[in-house]
Amino acid sequence: MKRLATATVAAVMAAAPVMADLVFPSLSYRTGAYAAGGIPFADGYADYYDAFE
């Protein structure tokens, strides 16, 4: 029984990084000279990744 508990704990610990959320930063221009093209791109980028949540 102790071996089963140890194996279960080991499996959960090994799977923990897989269960973590991935973060994709939005590296786009929102201010300055390139804001006119950067803001719509950043909004579309955010909408695209929000569709998968």
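How each quantity is defined
Residues numbered from 1 in each chain as written. Predicted model: local features only at pLDDT ≥ 70, side-chain atom pairs only at ≥ 80, totals over all residues. Heavy atoms only, no water. Salt bridge = Lys/Arg side-chain N within 4 Å of Asp/Glu carboxyl O. Helix = DSSP H or I, 4+ residues; strand = E, 2+ residues; numbered from the N terminus. Buried < 20%, exposed > 50% of the residue type's maximum accessible area, 1.4 Å probe, protein only. Patch = residues over 30% accessible without salt bridge, like charges linked within 9 Å, V, L, I, M, F, W, Y side chains within 5 Å. Areas by Shrake-Rupley, 256 points an atom, 1.4 Å probe, with all protein chains shown as cover.

1. Focus on the pattern of salt bridges
Scanning all chains against the criterion turns up one salt bridge. Residues Arg30 and Asp43 are paired through a salt bridge, measuring 3.1 Å at the closest nitrogen-oxygen approach. Taken as a pair, Arg30 in the loop between α1 (2–15) and α2 (35–50) and Asp43 in helix α2 lie far apart in primary sequence, 13 residues in all. You can call Arg30 partly exposed: its relative accessible area is 42%.

2. Focus on a nonpolar patch on the surface
A grouping of Leu22, Phe24, Tyr48, Tyr49 and Phe52 is seen on the molecular surface, where their side chains present a nonpolar patch of about 610 Å² in accessible area. Along the chain, Phe24 falls in the loop between α1 and α2.

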